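Each chain is listed here by its residues.
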Amino acid sequence: MTLQHFMNEAISPWMREEGPDGDIVLSSRIRLARNFSEVSYPILADLDKLEGIRDFFKEQYDHQSFEDYEDFAFIPISDLTAVEKRVLVEKHLISPHLAKHAQAAATLISKNEQVSVMINEEDHIRIQLYFPGFQLNKALKKAFEFDDWLEEKINYAFDGTRGYLTSCPTNVGTGMRASVMMHLPALSMTKQINRMIPAINQLGLVVRGIYGEGSEAMGSIFQISNQITLGKSEEDIIDDLESVVRQLIGHERKARNHLMEQSGTKLEDRIYRSYGVLEYSRIIESKEAASCLSNVRLGIDLGLIKNVSRNILNELMVLTQPGFLQQYAKKTLTANERDVLRASLIRERLQLEK
Amino acid sequence: MKCQECQQRPATLHFTRVINGNKTEVHVCEVCAKEKGYMTYPEDGYSLHNLLSGLFSFDSTKVGSHQDHTFQQVHELQCPKCEMTFSEFKRIGKFGCAACYETFAQRLDPIFRRVHSGNTKHFGKIPKRKGGDLHKKKQLEDYKTELQDLIESEAFEEAAQVRDKIRALENHQGDSEAGDN
């Protein structure tokens, strides 16, 4: 697999499949933090030790396959341009930290982009595995299998009492962060989500808006993940997360029905206006684009807008990020130039649907 | 960083105080710490650690030169492998290597409890290859808990089955050990 392959498409191949509860849960992710037992963690280790780890991954795993995850591409971060790094971050294949600060950093990505391994991030190894829709258990099963496959050749830092030993005390134990990405437009419009977030936090789970800074969620997309990694098994952590996500799905569906019944015309107006903006605007900022995309996606889910694929939200959310726009333009763009290109890309993409 | 009391000398002592869940950080120099009574502030683990510190080889070199500075010994708890000190660990909030868990073991429980809702022990996955005996141990523990539950609920037939499983596992353990030898 070549780097170009990951750069060209905004949407990862695995995202094209529709997952369970795919109208609300966009994706499920399992992340496992692992370390080599004999090497200090990246914050303290000597550069040559970290380079040793990086080279080990290149030798052992470049072009290898594991089950459905074929043809892993080994990519040293230092080989990437600033824009290419940004694109991988926007596709959630690597973290901003790996792109910017890590030494001897690299990534290993499967052809279908379902599995990515970050090398020498905060921990030596960070495994990420994605599934479309709401499939945490399946993702965990696959992540464990992949983890076992890596462990065949690697001595993990593990302790019978503390579990997997990680650089940060917040990851020790399972080293697992399970998360789901949810589209919650009705709960956002009715502001119900603001009351729910503190309650969810009390249960040891974290809610964050992804895309956009701080607590503000661009495009009504939220990420829910576990906070605790020690003292509970991975399965129990996922059960807890799952039950909260189930409830959120229920509330979101109820809120959507309620909105349709109580203020159907208003909602319809909002959705079609957004559709109009996306279809006709010549300049559009990322914030406005995100909010319109979210509304259009809701319109698709509610059956108001037909003949537009659901994937359009995931795809255009990534495609219209600054890094991707510049990758597309093949040059650095000013903010204004980006807004123009964003509008034109969205128009083109919607034309494709017709 | 300057001492927050006198604003003159560099702060050499760093405390984190948790009172009713409110965390405050104190950065003071040694002189002010003594004056303001920070040095006598009772904190979990200190007394025990002071008792034991003389026994640890990595501390013994320092005990000699800092006999009168009891607090210094505590802050110079240092990982023999990556040289991370405990105060450095507390400052940046990251371990330097896997051995740090061993080095700071005595002082980690309160930290883990705070971060992980009161938990200090791992209950999840065990590495397939490296885990080896841990898998059997965990399986045995699971069976024993199950057995206890079954006996308490007077489900003796099922209990007998679980007991047989435990026996089989224990025998198997013996076999494999014999085989290895």
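Residues numbered from 1 in each chain as written. Chains lettered and ligands numbered in written order. Predicted model: local features only at pLDDT ≥ 70, side-chain atom pairs only at ≥ 80, totals over all residues. Heavy atoms only, no water.

Per an unreviewed UniProt entry, the recorded name for chain B is UVR domain-containing protein, and the organism is Virgibacillus profundi.

Labelled according to an unreviewed UniProt entry, chain A appears under the name Protein-arginine kinase, originating from Virgibacillus profundi. A UniProt comment under Catalytic activity (unreviewed entry) is attached to chain A, and it reads "L-arginyl-[protein] + ATP = N(omega)-phospho-L-arginyl-[protein] + ADP + H(+)". According to the UniProt record, the Sequence similarities (unreviewed entry) comment for chain A is "Belongs to the ATP:guanido phosphotransferase family." (UniProt positions renumbered as here; feature names shortened; annotations may be inferred.)

Here we take up the overall build of chain B. If you tally the helices and strands in chain B, you get 10 helices and 2 strands. Mapped from its N terminus to its C terminus, chain B presents α and β elements in the order β-β-α-α-α-α-α-α-α-α-α-α. The 181 residues of chain B split such that 34% are buried. Considering only contacts within chain B whose residues lie at least 6 apart along the sequence, 29% involve residues at least 24 apart. (Helix = DSSP H or I, 4+ residues; strand = E, 2+ residues; numbered from the N terminus. Buried < 20%, exposed > 50% of the residue type's maximum accessible area, 1.4 Å probe, protein only. Contact = heavy atoms within 4.5 Å.)

Turning to the pattern of salt bridges, a few remarks are in order. Tallying each qualifying case throughout the model produces 29 salt bridges over all chains. One salt bridge connects Arg246(A) with Asp21(A), and the closest N-O pair in it is separated by 3.5 Å. Here Arg246(A), found in helix α8 (residues 234-280), pairs with Asp21(A), found in the loop between α1 (3-8) and β1 (25-34); they are 225 residues apart in sequence, far enough to count as distant. Take Arg246(A): its relative accessible area is 47%, and that puts it in the partly exposed class. Measuring nitrogen to oxygen at the nearest pair gives 2.9 Å for the salt bridge that ties Arg162(A) to Asp109(B). Pair noted here: Arg162(A) is in the loop between β6 (158-159) and β7 (163-164) and Asp109(B) is in helix α7 (residues 105-115), and the two residues belong to different chains. Under the relative-accessibility criterion, Arg162(A) is labelled buried at 10%. (Salt bridge = Lys/Arg side-chain N within 4 Å of Asp/Glu carboxyl O.)

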